[in-house]
Amino acid sequence: MIVIYILVFLFIVASAYSILSIHKDLPLYVTATKLLMSIILIVLLVIGYCMPVYIAGVYKIHIFHFFYLIILFLTLFTLYMAVSQWNNDYRSFSAILIPLAAIISIISLFFINSPRHMTIGHNSIMVIHIVLALLGEVLFFVAFASSVLYIIVSWQLQKKSSMKFINRFPSLTVLSKLTSFSLSRSLFFFTFGIIIGIIMLFQLYGNISFGSPKEILMYAAWSIIFILWLISRWHITSNYYLSIMTIVSFLILMIVFMASNVVITSGFHSFR
Amino acid sequence: MKEYIPQIGMVGMSHKTAPVETRECFAFDTQVLESFVNTAKKHTIQEMVYIATCNRMELYFVSNQIEEATQEVIHLLEQFAGLQREHFEPVLYKKYHKDAVRHLLCVASSLDSMVIGENEIVGQVKDWYRWATLHETTGTILNKLFHQAFRTAKRVRTQTEIARNPLSIAFIAVELAKKIFEDLSKQSVLLIGAGEMAELILKYLTKFKIGRVTLANRSLHNAQRIASEINLDATIITLAEIIETIPSVDIIISSTGAHYYVLTKDMIQEAVKKRSKPVFLIDIAVPRNIDPAAGDIHDVFLYNIDDLKSIADENLKNRLNETKLAYEMIDADTEEFLHWYESLQIVPLIAKIKESFETIRNDELKKYRRRKLKHLKDEDFTIIEELTQQIMTKMLHIPITYLKELGTNSNSKEAKEKAKLLQEIFKL
């Protein structure tokens, strides 16, 4: 329990450093953010070890695990950015992704002791389905972050703001490239997540759908990401409008997803 | 302790003190400079580095008699520049010790430059330092000082924003283009009309290996002239063909003498509909060539000459704000250098102590060799020599380590007193 509070505290400090790294433009803050995120990953792994989902031959996923996995994947992605081709743009992305992860970690505090859970028996395919779906969600998160940055940089350039400020952000081309990159990966994971879900349903119940609200939501999310990916792939509209569409879609889907996990307490696919 | 160590001095003139007519007299070519340093070596000057750029001429030197050396340097300048002393001495500045060190650090960090934060100066100082080392006019002190200056310059450049944002209009335009497109080699440019500034921007863009270039001009001959001047493989079109070209270009630079909008909002709107990438419009012309309303279209970034000028002003303001931080770094590094420099003052004292012990050892050995040890074979006596050498080295190890530590702190009154006491004890 105390470790989770430490985690939230670390996220708040890391968020402050990530925002300061943009505001003050000092490499020291970027280094501090990277270091804190590494510590956060260790804390998350400790939490994961202390809160297993596989107990006595049964997978039991609590509602807290849902938040935990999103935070874990976001942390992994921010650390991946620091060592990948996106390293130069780590500073601006971390200033969006880390505070969002911090908000989710704060929300998760309300569900630490919640008994609500999903029992999946001993079918490990379900775990793969959940992991893939959440990976798709986190990458959509990244597409949202790059779209927000695209709008910010675009506004700053149109306002003819100081170069001192503009220079702290990635270029518009890099941002649109990252939006396309994360949309395509998000679609990939969502697609496989759904396919595995269908296979699992067929194996367990001889049926490919129960028509539950979360299933419908999953198909809706997939369709939206597919449309956004098509737009980015075939350059159907300008990057500016693609960014707006990504932001709006993400916010709607995220709110509905979060709410559905919290509000829906009965039926298949829900935390009961 | 001071009398042991040579002093650092400098004389020079810069754009702040002397007009170009005076400065140019001291821009020696390498042949003259070789003769200059060879003459200087014959005097009291132990180390010397000459620096000459379009904005300054400075001479850094090290000597045991610094004031005498300064007069010698001024005399040599008079002799080699062929200018009478009274004509240039009033514009000459002379700095010693800490002031000279701090000045070099400021120069290398481009805080003393005409354009604060410019990048060329450190390269120029490096070139002159290299020249001095090749001609063996540097030694321990100036080597250390110049290396410190290069480190400080790097620190100032990387840890402050002093050199980060450009000041020239053309370079700002290129930097903005990079902020939109990142990789300029994949972008295409359309230059409408011809103007000095527009051509300069195009020149800068070509330095980044810009993609396809199209030149649109009322006169095809003019367009061809620009292409050959910049050494460009460009497509040349007439002004009437612009409308078909704009959807496929990423950067448009406009600089015609037209008194109407060459590119209207509708034209840009239509072009943008046919593309997904942003478009960067640079309107250098007065009166303006591009309808300002086009700047309201999403993914269209329109900058006119005033926008670019105001960014340049703001960048200059930012650079000036950063100078405070840069001066703090320079002061800290000056102190660090002086700390090392002060530690040098103990070196001659250590040498004198060693020399004094060595003299005693040699005298005693010679005395014993002549009398009590004359029966020994040469090889046996060599062993005794080695033994006494070892004993002396071991006995001096602790006091010398102590002296070295004292040296790093030799600026303090206590350290000076201790060193004086040692000199008295050993009668050095």
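Everything numeric here is computed off the predicted structure, so don't read it as measured data.

**Observations concerning the overall build of chain A**
Here is step 1 of the chain: Helix and strand counts for chain A come out as nine helices and three strands.
Here is step 2 of the chain: For chain A, the succession of helices and strands along the chain, N to C, is α-α-β-β-α-α-β-α-α-α-α-α.
Here is step 3 of the chain: In terms of its C-alpha atoms, chain A occupies a principal-axis envelope of roughly 60 × 45 × 30 Å.
Here is step 4 of the chain: With 272 residues in all, chain A has 40% of them scored as buried.
Here is step 5 of the chain: Within chain A, residue pairs in contact and separated by at least 24 positions form 79% of the contacts whose partners lie at least 6 positions apart.

**Looking at the overall build of chain B**
Here is step 1 of the chain: If you tally the helices and strands in chain B, you get 16 helices and ten strands.
Here is step 2 of the chain: Against the compact-globule benchmark of 22 Å for 428 residues, chain B has a radius of gyration of 33 Å, which places it well outside the compact range.
Here is step 3 of the chain: Reported as C-alpha extents along the three principal axes, the dimensions of chain B are approximately 110 × 50 × 45 Å.
Here is step 4 of the chain: The contacts in chain B between residues at least 6 apart in sequence include a share of 75% that link residues at least 24 apart.

**Comments concerning helix 2 (residues 30–41) of chain B**
All names here are of chain B.
Here is step 1 of the chain: With twelve residues, helix 2 should reach 16 Å at 1.5 Å per residue; the first-to-last C-alpha distance of 16 Å fits that figure.
Here is step 2 of the chain: When helix 2 is considered as a whole, its buried residues turn out to be Phe36, Val37 and Ala40. Looking straight down helix 2, one finds that the buried residues subtend no more than 90 degrees of arc, so they occupy a single side. Set apart from the buried face of helix 2 by more than 90 degrees, the exposed residues are Gln31 and Asn38.
Here is step 3 of the chain: Looking at the buried side of helix 2, the elements it contacts are strand 2 (45–52) and helix 3 (66–81).

**Notes on the sheet that holds strand 5 (residues 189–193) of chain B**
All names here are of chain B.
Here is step 1 of the chain: The strand order across the open sheet built from six strands is 7-6-5-8-9-10, with neighbouring strands paired in parallel fashion. Among the strands making up the open sheet, the edge pair consists of strand 7 (235–237) and strand 10 (300–304). Pairwise comparison of adjacent strand axes, ignoring direction, gives a mean angle of 15 degrees for this sheet.
Here is step 2 of the chain: Looking at chain direction, strand 5 and strand 6 (residues 213–216) are connected through four bridges and run parallel. Among the inter-strand pairings, Ile192 is bridged to a residue of strand 6, identified as Ala216.
Here is step 3 of the chain: Running over the sheet, helix 8 (residues 169–181) touches strand 8 (251–255), strand 9 (279–283) and strand 10 and is turned about 165 degrees from strand 9.

**Details of the interface of chain A and chain B**
Here is step 1 of the chain: Opposite the 17 residues of chain A that make contact, chain B presents 22 residues.
Here is step 2 of the chain: Secondary structure elements with two or more residues in the side of chain A that touches chain B: helix 5 (124–158), helix 6 (163–166), helix 7 (172–205) and helix 9 (239–263) of chain A.

**Quick look at the environment of B:Asp127**
Here is step 1 of the chain: On the secondary structure map, B:Asp127 appears in helix 6 (residues 120–134).
Here is step 2 of the chain: When the 12 C-beta atoms within 10 Å are taken as the criterion, B:Asp127 is described as exposed.

**With respect to the environment of A:Gly136**
Residue and element names in this part refer to chain A.
Here is step 1 of the chain: Among the secondary structure elements, Gly136 is positioned in helix 5.
Here is step 2 of the chain: With 25 C-beta atoms counted inside 10 Å, the residue Gly136 sits in the buried group.
Here is step 3 of the chain: Taking C-alpha positions, Gly136 is 9.5 Å from Ser184, a pair spaced 48 residues apart along the chain.
Here is step 4 of the chain: Sequence-distant contacts of Gly136, that is, excluding residues within four places in its chain, are made with Ser186, Phe189, Phe190 and Gly193.

**Section: the packing of helix 1 (residues 2–24) of chain A against helix 4 (residues 90–108) of chain A**
All names here are of chain A.
Here is step 1 of the chain: Packing of helix 1 against helix 4 leaves a shortest axis separation of 8 Å and a crossing angle of 155 degrees. Between helix 1 and helix 4, the angle is such that the two are roughly antiparallel. Here helix 1 runs over helix 4; the crossing is left-handed. Mapping the contact onto sequence places Leu7, Val8, Phe11, Ile12, Ala14, Ser15, Ser18, Ile19, Ser21 and Ile22 in helix 1 and Arg91, Ser92, Ser94, Ala95, Ile98, Pro99, Ala101, Ala102, Ser105 and Ile106 in helix 4.
Here is step 2 of the chain: Looking at the contact of helix 1 with helix 4, its residues break down into 13 nonpolar, six polar and one charged.

**Looking at unusual backbone geometry**
Residues and elements named next belong to chain B.
Here is step 1 of the chain: A cis geometry characterises the amide bond from Val286 onward to Pro287, with omega recorded as 0 degrees.
Here is step 2 of the chain: Along the chain, Pro287 falls in the loop between strand 9 and strand 10.
Here is step 3 of the chain: Not every positive phi belongs to a glycine, and His97 is a case in point at roughly 50 degrees.
Here is step 4 of the chain: Here Glu136, not a glycine, exhibits a phi torsion of approximately 55 degrees, which is positive.
Here is step 5 of the chain: Within the element layout of this structure, Glu136 appears in the loop between helix 6 and helix 7 (140–159).

**Brief notes about the packing of helix 7 of chain B against helix 13 (residues 305–344) of chain B**
Residue and element names in this part refer to chain B.
Here is step 1 of the chain: Remark: helix 7 packs on helix 13, axes separated minimally by 10 Å, with the N-to-C direction vectors making an angle of 155 degrees. Viewed along their axes, helix 7 and helix 13 adopt a mutual orientation that is roughly antiparallel. For helix 7 against helix 13, the interelement crossing comes out right-handed. In contact with Lys144, Leu145, Gln148, Thr152, Arg155 and Val156 of helix 7, helix 13 contributes Ala326, Met329, Ile330, Asp333, Phe337 and Trp340.
Here is step 2 of the chain: In the contact of helix 7 with helix 13, the residues fall into seven nonpolar, two polar and three charged.

Rules and cut-offs
Residues numbered from 1 in each chain as written. Chains lettered and ligands numbered in written order. Predicted model: local features only at pLDDT ≥ 70, side-chain atom pairs only at ≥ 80, totals over all residues. Helix = DSSP H or I, 4+ residues; strand = E, 2+ residues; numbered from the N terminus. Buried ≥ 20, exposed ≤ 12 C-beta atoms within 10 Å, placed from the backbone. Contact = placed C-beta atoms within 7 Å. Rg over C-alpha atoms; globule rule 2.2 N^0.38 Å. Expected span 1.5 Å × (residues − 1). Arc of directions from axis to C-beta. Pairing = 2+ DSSP bridges. Axes fitted to C-alpha atoms, helices over the stretch in contact; angles between N-to-C directions. Parallel < 35°, antiparallel > 145°, perpendicular 65-115°, else oblique. Left-handed = near helix turned anticlockwise from the far one by under 90°. Nonpolar A, V, L, I, M, F, W, Y, C, P; charged D, E, K, R; others polar.

Purely geometric numbers; function is a separate question.
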